[in-house]
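Next come the chains, spelled out residue by residue.
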Amino acid sequence: MPILGADMVAGTLIAWRKQPGDRVARGDIIAEVETEKGLIDVEVFASGVLERIVVQPGATVPTGTVLALIREDGPAPAAMPAVAAPVVTAPVVPAAVEPARVEPAPGERKRVSPLARKVAARLGVDPDTVGGTGPGGTVTREDVERAAAERQAGPAPAVAPAPARPRMDVARMRQTIAAAMARSKREIPHYYLAHPIDLHRVLAWLAEENARRPVTDRLLYGVVLLKAVALALREVPELNAVWRGERAEPSAAVHVGVAISLRGGGLVAPALHDAERQPLGDLMRAFRDLVQRARSGGLRSSELSDPTITVTSLGEQGVERVFGIIYPPQVAIVGFGRIAERPWVVDGAVVPRPVVTASLSADHRVSDGHRGGLFLAAVERLLQSPERL
Amino acid sequence: MADDLRATIVRVLGDIAPEADLAALKPDVAFREQLDLDSMDVLNFVVGLHGALGVEIPESDYPKLATLDACVDYLQARRTS
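Quick caveat: nothing in here was measured; it's all calculated off a predicted structure.

Chemist: Any chance you could explain the overall build of chain B here in plain terms?
Modeler: On a plain count of helices and strands, chain B comes out with four helices and zero strands. Reading chain B from its N end, one meets helices and strands in the order α-α-α-α. At 11 Å, chain B has a C-alpha radius of gyration in line with the 12 Å of a compact globule built from 81 residues. Dimensions along the principal axes, computed over C-alpha positions, put chain B at roughly 35 × 25 × 20 Å. Residue burial in chain B is summarised as follows: out of 81 residues, 28% are buried. Counting only contacts in chain B whose residues sit at least 6 apart along the sequence, the fraction spanning at least 24 positions is 59%.

Here it is, written out as structure tokens:
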């Protein structure tokens, strides 16, 4: 069971995508697990043949538990290693009574959460036939699973069976975020820097660029910021690292975690892999895909485990300046506030300019303000030549 | 025609914000206020309208799509121009 976040302690195996005897290659999706971050596709990190499945669907097991054995390509070992039986965590049954199911009024559109649609497709359930218990009668993943279980069980028994696995909800995600942030504030000595940046060149270039591009290939301003951050990390690489044990391990690759708010509350910060090496068009496509999958379910395990720094932008909410909290084991988080027209001095004259405040929260065990300041200056410099990003 | 456009717009919005109560959508209030849309949602909305209606919407016109009523007016004008 992969560790997909600083405070993830367990996950529930939902389904296997491969069966014993199947060939698997590095990067293949082998299973789906449910965590407080939603339904996650688990990738394999070795190529070979799936030898044996150890954890069965429905089981909740601690992180680090062996889920399956893969016989890697190459000389065959004398014997596959022995694997202890997994410790299956008892399902957490919510204290709440079964929520009321709400049917839409005649003519009303049935509302179905993206995750529920995905699970419904997998379980062969028509979500439009399921009563919704979410806000305003929205069909949730739990509703779909309940419907699938009821269908399998036949007529409803006199006593409803206990849920097979814990309910994953926003409250649980909040608890997880709280645990990670409390740990961060407890263990990481943060320092904070802010740096105003003139965006007039970026915005003018972006308008011209998007006027040339078909609608499906247009760039968002946010992806330009992500690229600038990724490139600036080449100049101050100590900010692109993870803390292991008693020291920071710099990362050769720049995997930028992007904070994405989820509908209904909560957030995730999955990685855009190798962000500094991707042309803007490719990065935009990857970003768009990442947001879509973050909100509908279907993030990959590596996207949750690989970020080496996080970027969060709260400008659309009108925020002036972000004071971020580092997501362990990372050692820095970069924030962007809103774009505001500000007086700006150019060649001795005051002119109005669109300005954003970039901020850095960094781990003082790993870097100091001098290096952090150089990093923000590099972001500013890179944004003055957007055509070179 | 306006009703068809309205239905198409609502359907595209439903794909972007499936949990939103679109039956309660106020036609003269900004989508962003009612549906908590961000810039990625707006881009997907424009892409969705382009796919459904074949209308090319320049980025400079995004502010004209702020509400349901404004969206209908804009798209009607674009389709007849």
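Chemist: Would you take a moment to explain the overall build of chain A for this structure?
Modeler: From N to C terminus, chain A includes eight helices and 19 strands. The 389 residues of chain A split such that 39% are buried. Across chain A, every contact between residues at least 6 apart in sequence was considered, and the portion connecting residues at least 24 apart equals 65%.

Chemist: Whenever I open this one, the packing of helix α1 (residues 2-16) of chain B against helix α3 (residues 39-53) of chain B confuses me. Can you help?
Modeler: For any two helices packed against each other, the geometry comes down to the angle between their axes and how far apart the axes lie. Residues and elements named next belong to chain B. In the contact formed by α1 and α3, the axes pass within 9 Å of each other and the chain directions differ by 135 degrees. It follows that α1 is oblique to α3 by the angle criterion. Classified by chirality, the crossing of α3 by α1 is right-handed. Here Thr-8, Val-12, Leu-13, Asp-15 and Ile-16 of α1 lie close against α3, whose contacting residues are Asp-41, Asn-44, Phe-45, Gly-48, Leu-49, Ala-52 and Leu-53. In the contact of α1 with α3, the residues fall into seven nonpolar, three polar and two charged.

Chemist: Help me understand the domain arrangement of chain A in this model?
Modeler: Frequently, the measure chosen for interface size is the accessible area removed from exposure when the parts meet. Residues and elements named next belong to chain A. On domain assignment, one finds that chain A holds domain 1 (1-93), domain 2 (94-156) and domain 3 (183-388). Computed from C-alpha coordinates alone, the two centres of domain 1 and domain 3 are separated by 32 Å. Contacts between the two partners involve 13 residues from domain 1, matched on the other side by 13 residues from domain 3. Considering only residue class, the side of domain 1 that touches domain 3 consists of seven nonpolar, two polar and four charged.

Chemist: Any chance you could explain α1 of chain B here in plain terms?
Modeler: Helical periodicity: at 3.6 residues per turn, an α-helix aligns residues three or four positions apart in one direction. All names here are of chain B. Taking 1.5 Å as the rise per residue, α1 with 15 residues should run 21 Å; its terminal C-alpha atoms sit 21 Å apart, in good agreement. Where α1 is concerned, the buried positions are Leu-5, Ile-9, Val-12, Leu-13 and Ile-16. Down the axis of α1, the buried set is contained in an arc of 100 degrees. They therefore lie on one face. For α1, exposure combined with an orientation more than 90 degrees from the buried face picks out Asp-3, Asp-4 and Ala-7.

Chemist: Explain the sheet that holds strand β3 (residues 29-35) of chain A to me, please; I cannot follow it from the model alone.
Modeler: Backbone-to-backbone hydrogen bonds join strands into a sheet, with any given pair of strands oriented parallel or antiparallel. The sheet built from five strands is open, its strands ordered β6-β1-β3-β4-β15 (chain A) with mixed pairing. Both edges of this open sheet fall to β6 (60-62) and β15 (299-300) of chain A, since each of them pairs with a single strand only.

Chemist: Sorry if this is basic, but what is going on with helix α4 (residues 68-80) of chain B here?
Modeler: Residues and elements named next belong to chain B. A rise of 1.5 Å per residue sets the reference length of α4, with its 13 residues, at 18 Å; its end C-alpha atoms lie 18 Å apart and thus fit the reference within 8%. Three or more residues of α4 are buried, namely Leu-68, Cys-71, Val-72 and Leu-75. When α4 is viewed along its axis, its buried side chains cluster within an angular range of 100 degrees and face the same direction. Seen from the buried face of α4, the exposed residues on the opposite side, beyond 90 degrees, are Ala-77 and Thr-80. Looking at the buried side of α4, the elements it contacts are α1 and α3.

Chemist: Please explain unusual backbone geometry as it appears in this structure.
Modeler: The general pattern is negative phi for most residues beyond glycine and trans for most peptide bonds. Here the residue pair Pro-328 of chain A and Pro-329 of chain A is connected by a cis peptide bond, since its omega of 5 degrees sits within 30 degrees of zero. Looking at the element boundaries, Pro-329 of chain A is found in the loop between β16 (309-313) and β17 (332-336). In this structure, Asp-274 of chain A takes a positive phi of about 50 degrees despite not being glycine. Tracing the sequence through the fold places Asp-274 of chain A in the loop between β14 (271-272) and α6 (280-296). Phi is positive for Asp-36 of chain B, close to 55 degrees, though the residue is something other than glycine. Structurally, Asp-36 of chain B can be placed in the loop between α2 (31-35) and α3. For Asp-36 of chain B, a count of 15 C-beta atoms within 10 Å gives the class partly exposed.

Chemist: Please explain the sheet that holds strand β7 (residues 68-72) of chain A as it appears in this structure.
Modeler: With respect to topology, three strands assemble into an open sheet ordered β2-β5-β7 (chain A), the strand pairing being antiparallel. The outermost strands of the open sheet, each flanked by one partner alone, are β2 (23-24) and β7 of chain A.

Chemist: Would you take a moment to explain the nonpolar core for this structure?
Modeler: For soluble globular proteins, nonpolar side chains are generally found buried alongside one another. Residue and element names in this part refer to chain A. Ranked by size, the top nonpolar core spans 97 residues in total, and within it Leu-226, Val-229 and Val-256 carry the most contacts. For this core, the element with the most residues is helix α5 (residues 221-235), which contributes nine residues. When residues of this core are assigned to domains, at least three fall in each of domain 1 (1-93) and domain 3 (183-388). Every residue in contact with Val-229, bar those within four places of it in the chain, is listed here: Val-256, Val-311, Val-334 and Val-379.

Here is what the cut-offs are and how they apply
- Position numbers for residues start from 1 in each chain and track the written sequence from start to end.
- A letter from A marks each chain and a number from 1 marks each ligand, given out in the order of writing.
- Reporting in this predicted model follows two pLDDT cut-offs: at least 70 for local features of residues, and 80 or more for side-chain atom pairs to be given and counted; totals over whole chains, interfaces and linings ignore these cut-offs and use all residues.
- Starting at the N terminus, helices and strands are each numbered in turn, a helix being any DSSP run of H or I of at least four residues and a strand any DSSP run of E of at least two.
- Our radius of gyration looks at C-alpha atoms and nothing else; its globule reference is 2.2 Å times the residue count to the power 0.38.
- Counting other C-beta atoms within 10 Å of its own, a residue is labelled buried from 20 upward, exposed at 12 or fewer, and partly exposed in the gap between, with every C-beta atom placed from the backbone.
- C-beta atoms are first placed from the backbone for all residues, and any pair lying within 7 Å is then listed as a contact.
- To define axes, lines are fitted to C-alpha atoms, for helices over the stretch in contact only, and angles between the resulting N-to-C directions are given on a 0 to 180 degree scale.
- Roughly parallel covers angles under 35 degrees, roughly antiparallel covers those over 145, roughly perpendicular covers 65 to 115, and oblique covers all other angles.
- Crossing handedness follows the turn of the near helix against the far one: under a right angle anticlockwise gives a left-handed crossing, and clockwise gives a right-handed one.
- Under the convention adopted here, Pro, Cys and the residues Ala, Val, Leu, Ile, Met, Phe, Trp and Tyr are nonpolar, Asp, Glu, Lys and Arg are charged, and Gly plus all remaining residues are polar.
- Domain delimitation in this document rests on an assignment produced automatically or drawn from a domain database.
- In this scheme, a helix's expected span is set at 1.5 Å multiplied by one less than its residue total.
- To be clear, the arc concerns the directions from the helix axis to the C-beta atoms.
- Whether two strands pair depends on DSSP finding at least two bridges between them.
- One nonpolar core equals one set of buried Ala, Val, Leu, Ile, Met, Phe, Trp, Tyr and Cys residues connected by C-beta atoms within 7 Å.

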